[in-house]
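# Fold and contact review
Okay, here's what each chain looks like letter by letter:
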Amino acid sequence: MMLVGGMSLATLIDAMFSAPLTHRQAVRAITDGLDDFVISPDLGLMWHLKYIYGDEPGSLDVVDMEIATMNGTLASKDVWLRLSS
């Protein structure tokens, strides 16, 4: 229902990181799956997914994601996703 009605990128991240997957598999699934969603607000033609890493020095554990656009950077809680109809 959330996929059809819509959810924030932050909600998707929380759900995937709590799933029985390795951290790497969850990040990969999220990034691969973004092509299947309609993203709001409209990001325009050029945007980039930025990974936020854990606090430990040298950490490679992604803890959040942001989307950088030509007009600024959006936090995961500000990006809305829904499946295209």
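These remarks concern the structure in this document.

Criteria and thresholds
Residues numbered from 1 in each chain as written. Predicted model: local features only at pLDDT ≥ 70, side-chain atom pairs only at ≥ 80, totals over all residues. Heavy atoms only, no water. Buried < 20%, exposed > 50% of the residue type's maximum accessible area, 1.4 Å probe, protein only. Helix = DSSP H or I, 4+ residues; strand = E, 2+ residues; numbered from the N terminus. Arc of directions from axis to C-beta. Pairing = 2+ DSSP bridges. Axes fitted to C-alpha atoms, helices over the stretch in contact; angles between N-to-C directions. Contact = heavy atoms within 4.5 Å.

A word on helix 2 (residues 9-18). Taken together, the buried positions of helix 2 are L9, A10, L12 and I13. The buried residues of helix 2 occupy an angular sector of 160° when projected down its axis, which confines them to one face. Along helix 2, exposed side chains directed more than 90 degrees from the buried face belong to D14 and S18.

Turning our attention to the sheet that holds strand 4 (residues 62-69). Taking strand neighbours across the sheet as the criterion, the three strands line up as 3-4-5 in an open arrangement whose pairing is antiparallel. Looking at strand neighbours, the two that pair on one side only are strand 3 (47-53) and strand 5 (72-75), the edges of this open sheet. Geometrically, the sheet is characterised by an average inter-axis angle of 30° between neighbouring strands, direction not taken into account. Bridge count between strand 3 and strand 4: seven bridges; the pairing is antiparallel. Among the inter-strand pairings, L49 is bridged to a residue of strand 4, identified as I67. Set on the sheet, helix 3 (residues 23-33) makes contact with strand 3 and strand 4; between it and strand 4 the angle comes to about 25°.

Turning next to the side chain of S76. With respect to the element layout, S76 can be found in the loop between strand 5 and strand 6 (80-83). Given a relative accessible area of 3%, S76 falls into the buried group. Setting aside its immediate chain neighbours within four residues, S76 contacts S8, L9, A10, I13, D64 and M65.

No statement about biological role is implied by the geometric values presented.
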